[in-house]
Amino acid sequence: MILPVEYKIQGTPKTAVFILVYQNALMARAAIQSFQETVKIPNVELILVHHIRPSEYEKAENVTKLITSLPYRNLIIKNDKFNYPRLMNEAISRFREDFNFFIHMNDDIVLWPRAIEQMIAVATSDEKIGIVGAKLMFPPKRGDLTSPASWIENIYVMQHFGVKINKEALTAHHVNAYKCGNSPDCQTLKDVDAVTFALALVRREIFDTIAMDERFASDYNDIAYCLEAYKMGRRVVVCPSAMAFHRQSATRKLYGLNSVQSDYILFVQQYGEFIRGR
């Protein structure tokens, strides 16, 4: 089996990992447990962001109890509409303090060992790196996602190894999706057009300069933010040794979200000229 290149953290950066959770307590617990079991380095803090729609207080009650019972700082946001950039802008602004890096993590992510460490290590390897994405795998159809001991022995199918934007159609697709997880061309650091924020690290200087665009409530908000990083002269990369299972769109299904055509139209209007000129 071909193993990915691994990286070492330079210096002593401080990192905040923000997990956005909704109303599925089992899924949230698996995401949190994966953080507890795989993050073994200092200066990394977990912050839980819980979004509740007023009409769904009862559905979210178990998640609220879970979050408030854990020894992590949390932010409970109550409003009717799901707007990912607005939720994360509020959370990061509230807890930004002296962190060097902010990591976005969905509650439908289950981390592999050292995934967070490797993302931080890559970010410290080059100051021009502004955003670091992860290698995301489709989860196994059977088995316990919270038991990582046998994961490395198996071969999984990739869901995400960066995002490529078609300059003509101005559409985005996941690079190497459905390839074998140990494909030789997915074992080294790659510069990409964008990464999904299901699991992604953002350098503090980027957020200090520009927040996520809240007009992209559902789609294209992560891709738009990566393009803003490019405008600032930063690199967007995907790290092969930062691996995780991703229950693709599991959170979106809970919200009842579908792709929004207006977000794509706005994306083309906002970035079409920039993309074609790169």
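Anything mentioned here points back to the structure above.
All values reported here derive from a predicted model rather than from experimental measurement. (Residues numbered from 1 in each chain as written. Predicted model: local features only at pLDDT ≥ 70, side-chain atom pairs only at ≥ 80, totals over all residues. Heavy atoms only, no water.)

Caption draft 1: Region of interest: the environment of R247. In this structure, R247 sits in the loop between β12 (235-246) and α7 (250-255). The exposure class of R247 is partly exposed, given its relative accessible area of 24%. In sequence terms R247 and F138 are 109 residues apart; their C-alpha atoms lie 6.6 Å from each other. (Helix = DSSP H or I, 4+ residues; strand = E, 2+ residues; numbered from the N terminus. Buried < 20%, exposed > 50% of the residue type's maximum accessible area, 1.4 Å probe, protein only.)

Caption draft 2: Main features of the nonpolar core. In this structure, F18, I131, V195, F197, Y225, V236 and F267 are the most contacted members of the largest nonpolar core, which totals 54 residues. Per-element tally for this core: the top contributor is helix α6 (residues 221-231), with seven residues. Not counting the four nearest positions on each side in its chain, Y225 is found in contact with I131, F197, V202, I206, F207, I210, A211 and M212. L48, M119, V132 and A198 belong to the second-largest nonpolar core, a separate cluster that totals 40 residues. (Core = buried A, V, L, I, M, F, W, Y, C linked by side-chain atoms within 4.5 Å. Contact = heavy atoms within 4.5 Å.)

Caption draft 3: Highlighting the environment of S34. With respect to the secondary-structure elements, S34 resides in helix α1 (residues 25-38). Taking C-alpha positions, S34 is 7.4 Å from W112, a pair spaced 78 residues apart along the chain. Those residues in contact with S34, other than ones at most four positions away along the chain, are M105, I109, V110 and L111.

Caption draft 4: Structural detail: unusual backbone geometry. Notably, E97 is not glycine yet its phi reads approximately 40°, a positive angle. Tracing the backbone shows E97 in the loop between α3 (84-95) and β4 (101-106). With a phi close to 65°, Y220 is a non-glycine residue in the positive phi region. Among the structural elements, Y220 can be located in the loop between α5 (204-209) and α6. Owing to a relative accessible area of 18%, Y220 belongs among the buried residues under this scheme.

Function cannot be read off these values alone, since they describe shape.
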